[in-house]
Amino acid sequence: GGCGMIYLSMAMGGGFFRFWAFLQLVYMVLRKLLAQSSEYIYRVRLFIGDEVITVQALYDTGNRLHEPISGKYVCIVKEALFEKIREKMEDKPMRYIPYRSMGKAKGVLQGIAIEKMEVLSEGIWREKKDFYIARGTKDAIGEAYDMILHEKAR
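Remember, predicted model here, so these are calculated numbers, not experimental data.

Q: How do you make sense of the side chain of Glu67 when you look at a structure like this?
A: Residue placement: Glu67 occurs in the loop between β2 (51–59) and β3 (74–77). Glu67 gets classed as buried once you look at its relative accessible area, which sits at 1%. Looking at Glu67, its side chain comes within polar contact range of the main-chain nitrogen of Ile69, at 3.2 Å. Leave out the neighbours within four places in its chain, and Glu67 touches Lys72, Val74, Arg95, Ile97 and Tyr132.

Structure follows, in C-alpha cells:
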C-alpha cells in the first residue's frame, strides 16, 4: 500500500501497466533485501568428544579474533553453550583471549581449543579444524543464533 502511494505521488499519467511494473520492482528489491539478512546464518555441527552439537551461527566478516599463542582463529558462542562444552572438556586447558571491540575498548574472553566443526554452506558440510571457541558476552550474541563464526570459518 505504501509503495502504491509513493508511486501515485511521483507518477504523472502512468497507467495500470506502469503501476504494476513499479510494484513488481519494489517486490523484487524487498525480497532481495530480506533474503540477504538470513544469508549470513549457517548451521554448524560442533564435535565434542563423541557428541555432536548443532547450532545456528552468524558469519561475521568483522570477526578476526585469534588466540595469541597458537594463532588459531576464534569463534564466539553463547555463555550457556560454552558451559555445556566446558563440562564435556574438563581435561582441556582454558585460555584467556584478549580482544577489542567497537563497544568496549578491550577485554579478555575465556576460550577452549576445539578440534573439529562442520559448517553447512551452499548445501555442503565443510569441515573446519583446529580453532578456539570463546565465551561470548550477553550483549554480543543475538537471539537468532548461538555462535559467531570467524571470517575464516565459512
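Q: When you look at the packing of aromatic side chains in this model, what are you seeing that I'm missing?
A: By convention here, two paired aromatic rings are described through the distance between centres and the angle between planes. Per the stated rule, a full pass over the model turns up two aromatic pairs. Here the aromatic rings of Tyr42 and Tyr59 are separated by 6.2 Å at their centres, their planes lie at 85 degrees, and the arrangement is edge-to-face. With Tyr42 in strand β1 (residues 41–48) and Tyr59 in strand β2, this pair connects stretches of sequence that are 17 residues apart. Of the residues examined, Tyr59 reaches a relative accessible area of 12% and is grouped as buried. Between Tyr73 and Phe131 the ring centres are 5.8 Å apart and the planes differ by 10 degrees, which places this aromatic pair in the stacked class. You can see Tyr73 sitting in the loop between β2 and β3 and its partner Phe131 sitting in strand β6 (residues 124–135), a full 58 residues away along the chain. Across from the ring centre of Trp125, 3.7 Å away, lies the NZ or CZ of Arg45, which sits over that ring.

Q: Sorry, what's going on with the nonpolar core here?
A: Soluble globular proteins: nonpolar side chains tend toward being buried together. One finds Val44, Leu46, Ile85, Met117, Ile133, Met147 and Leu149 to be the most contacted residues of the largest nonpolar core, which totals 24 residues. For this core, the elements supplying multiple residues, two or more each, are β1, β2, β3, α3 (79–88), β5 (107–121), β6 and β7 (147–149). When residues no more than four places from it in sequence are discounted, the contact partners of Met147 are Val44, Leu46, Val55, Gln56, Ala57, Leu58, Cys75, Ile76, Val77, Met117 and Ile133. In this structure, Tyr99, Leu109, Ala113 and Ile148 belong to the second largest nonpolar core, which totals 12 residues.

Basis of the calculations
Residues numbered from 1 in each chain as written. Predicted model: local features only at pLDDT ≥ 70, side-chain atom pairs only at ≥ 80, totals over all residues. Heavy atoms only, no water. Helix = DSSP H or I, 4+ residues; strand = E, 2+ residues; numbered from the N terminus. Buried < 20%, exposed > 50% of the residue type's maximum accessible area, 1.4 Å probe, protein only. Polar contact = N/O pair within 3.5 Å; in protein donor to acceptor, adjacent residues only side chain to side chain. Contact = heavy atoms within 4.5 Å. Phe/Tyr/Trp six-rings, centres within 6.5 Å; stacked < 30°, edge-to-face > 60°. Lys NZ or Arg CZ within 6 Å of the ring centre and 35° of its normal. Core = buried A, V, L, I, M, F, W, Y, C linked by side-chain atoms within 4.5 Å.

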